[in-house]
Amino acid sequence: MNLDPAKRLALRALSRMGDQPMPADALRDSIRIIHPQLTAGDADRAVRDLEADGYIAGTHVDLVGILWSLTPKGASKANQL
Amino acid sequence: MKTRPSKLDQFTDRIEEWFGAEKITIAAARDRLAGLGCHVSSGRLSQWWSARQQRAMEDQLLARVASGAQLSREIESRFARNAPPEVSTIIQLLQTIILQLGVQGTSDERLLLIASNLLRPVMEWQKLEQSKAEFGLAKERFQRETCELFVQWAEDQQAKDILSAGNKSNEEKIAAVYQLMFGGQKK
């Protein structure tokens, strides 16, 4: 399955995080810095699609918000990018 | 990002200098390339350059992400161990801010100062925990030494004799114990 550039970037960014989860805001900003034509909504949609496809998983932490990490499927996909 | 090789790749350094330091036009760069035996359309050259800039930006961003993650990991290993929930939240907030600043590539010293100031309560808490631990150890040592002294004293036959002497009043016993412990007469 081919991923669009925003989703590819999100997976690569999460892969660079290693064992650390990435805050949702930082992930959204990463996408928008490289793809400034995308709105925050577009970036959020790309992230949600990745979650729905089982590539990433989020945990909610009070005061911090959602922290995203790669699932094993996402880590495997990120390695191919 | 994986990209297909291009005949322009071998001129990367020169093209970077032309568009970077010299700031020449696409047309001028195309002419210079033609002079070097590389014939390419302006459209292709522009597309190649855009893709290259995009890759460079992406690499920079990913490097910042990796360095933010490393810092976050260090903060976690230094402060998060055995931290109570309220301190854990501060640590997580700090990690979030550091990652956010890292992604944005900010060099705003004010923001970085705010982020580092967030560490202060964590460090204060650590100092407090250390003081508590040291106090606990000192208290334990004091109690143990007191017990040892008491045992030593209680085992002293003379003390036992004084305490068990049924024919002496309390005053006499105290005077005798005083004599035993400190020497001389009780005043």
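Residues numbered from 1 in each chain as written. Chains lettered and ligands numbered in written order. Predicted model: local features only at pLDDT ≥ 70, side-chain atom pairs only at ≥ 80, totals over all residues. Heavy atoms only, no water.

Participant: Please explain the overall build of chain B as it appears in this structure.
Facilitator: The helix and strand tally for chain B stands at eight helices and zero strands. Each helix and strand of chain B, ordered N terminal to C terminal, gives the series α-α-α-α-α-α-α-α. Expressed as a percentage of its 187 residues, the buried residues of chain B come to 26%. As presented, chain B carries roughly 12900 Å² of accessible surface, and 54% of it is formed by carbon and sulfur atoms. (Helix = DSSP H or I, 4+ residues; strand = E, 2+ residues; numbered from the N terminus. Buried < 20%, exposed > 50% of the residue type's maximum accessible area, 1.4 Å probe, protein only. Areas by Shrake-Rupley, 256 points an atom, 1.4 Å probe, with all protein chains shown as cover.)

Participant: Before we go on, may I ask you to explain the pairing of strand E3 (residues 65-70) of chain A in this structure?
Facilitator: If a strand is regular, its side chains alternate between the two faces of the sheet. All names here are of chain A. For strand E1 (residues 22-23) and E3, the ladder comprises two bridges, and the chain directions are antiparallel. Of the residues in E3, the one forming a bridge with Met22 is Trp68. In the sheet, strand E2 (residues 56-61) pairs with E3 via six bridges, with the strands oriented antiparallel. Looking at E3, one finds that His60 is bridged to Ile66. The antiparallel hairpin formed by E2 and E3 contains three residues in its connecting segment, where Leu63 sits at a positive phi of about 70°. (Pairing = 2+ DSSP bridges.)

Participant: Quick question: what am I supposed to make of the side chain of Lys7 of chain A here?
Facilitator: Residues and elements named next belong to chain A. Inspection of the secondary structure puts Lys7 in helix H1 (residues 5-16). The class of Lys7 is buried, set by a relative accessible area of 12%. In terms of polar contacts, Lys7 uses its side chain to reach the side chain of Asp49, at 3.3 Å. Non-local contacts of Lys7, meaning those with residues more than four positions away in its chain, are made with Ala46, Asp49 and Leu50. (Polar contact = N/O pair within 3.5 Å; in protein donor to acceptor, adjacent residues only side chain to side chain. Contact = heavy atoms within 4.5 Å.)

Participant: So what exactly am I meant to see when it comes to the packing of aromatic side chains here?
Facilitator: Given two aromatic rings, their pairing is described by the distance between the two centres and the angle made by the two planes. According to the stated counting rule, one finds two aromatic pairs over all chains in the structure shown. Relative to Trp49 of chain B, the ring of Phe19 of chain B has its centre 4.9 Å away and its plane inclined at 45°; by these criteria the two rings are tilted. Of the two residues, Phe19 of chain B sits in helix H1 (residues 12-22) while Trp49 of chain B sits in helix H3 (residues 42-80), which places them 30 residues apart along the sequence. Grouping residues by exposure puts Phe19 of chain B and Trp49 of chain B together as buried. For Lys73 of chain A, the ring lying beneath its charged end belongs to Tyr55 of chain A, and the centroid distance is 4.8 Å. (Phe/Tyr/Trp six-rings, centres within 6.5 Å; stacked < 30°, edge-to-face > 60°. Lys NZ or Arg CZ within 6 Å of the ring centre and 35° of its normal.)

Participant: Help me understand the interface of chain A and chain B in this model?
Facilitator: On the side of chain B, 25 residues touch chain A, which itself brings 25 residues to the contact. When chain A packs against chain B, close to 2100 Å² is buried across both sides, 60% of that on carbon and sulfur atoms. If you sort the residues of chain A by the area they bury against chain B, Arg16, Gln20 and Ile34 of chain A come out on top, with a joint share of 28%. On inspection of chain A and its partner chain B, the count reaches two salt bridges. Residue Arg73 of chain B is joined to Asp19 of chain A by a salt bridge in which the shortest nitrogen-to-oxygen separation is 2.7 Å. For the interface between chain A and chain B, the tally reads seven residue pairs in polar contact (both at pLDDT 80 or more). (Buried area = accessible area lost by both parts, 1.4 Å probe. Salt bridge = Lys/Arg side-chain N within 4 Å of Asp/Glu carboxyl O.)

Participant: So what exactly am I meant to see when it comes to the side chain of Asp29 of chain A here?
Facilitator: Relative to the helices and strands, Asp29 of chain A is located in helix H2 (residues 24-34). Every residue in contact with Asp29 of chain A, bar those within four places of it in the chain, is listed here: Gln100, Val103 and Gln104 of chain B.

Participant: Looking at this model, I keep getting lost on the environment of Ala159 of chain B. Mind explaining?
Facilitator: Residues and elements named next belong to chain B. Residue placement: Ala159 occurs in helix H7 (residues 157-164). Residues Ala159 and Ala176 lie 17 residues apart in sequence; the distance between their C-alpha atoms is 8.5 Å. The residues contacting Ala159, other than those within four sequence positions of it, are Trp153 and Leu180.

Participant: Whenever I open this one, the pattern of salt bridges confuses me. Can you help?
Facilitator: Pairs can form between side chains of opposite charge whenever their charged atoms are close. All names here are of chain A. Taken as a whole, this structure holds eleven salt bridges over all chains when the rule is applied. Residues Asp25 and Arg28 are paired through a salt bridge, measuring 3.0 Å at the closest nitrogen-oxygen approach. Of this pair, Asp25 and Arg28 both sit in helix H2, three residues apart, which is roughly one turn of that helix. When its relative accessible area of 40% is taken as the criterion, Asp25 is described as partly exposed. Exposure remark for Arg28: the relative accessible area of 22% places this residue in the partly exposed category.

Participant: Is there a simple way to explain the nonpolar core in this structure?
Facilitator: Side chains that are nonpolar tend, in soluble globular proteins, to be buried together. Ranked by size, the top nonpolar core spans 28 residues in total, and within it Leu11, Met22, Leu27, Ile31, Leu50 and Ile56 of chain A carry the most contacts. For this core, the leading source of residues is H1 of chain A, giving six residues. What Leu50 of chain A contacts, discounting residues up to four positions off in sequence, is Leu3, Lys7, Ala10, Leu11, Tyr55 and Ile56 of chain A. Membership of the second largest hydrophobic core comes to 13 residues, among which are Ile15, Phe19, Ile24 and Leu33 of chain B. (Core = buried A, V, L, I, M, F, W, Y, C linked by side-chain atoms within 4.5 Å.)

Shape is all these values report; function is a separate question.
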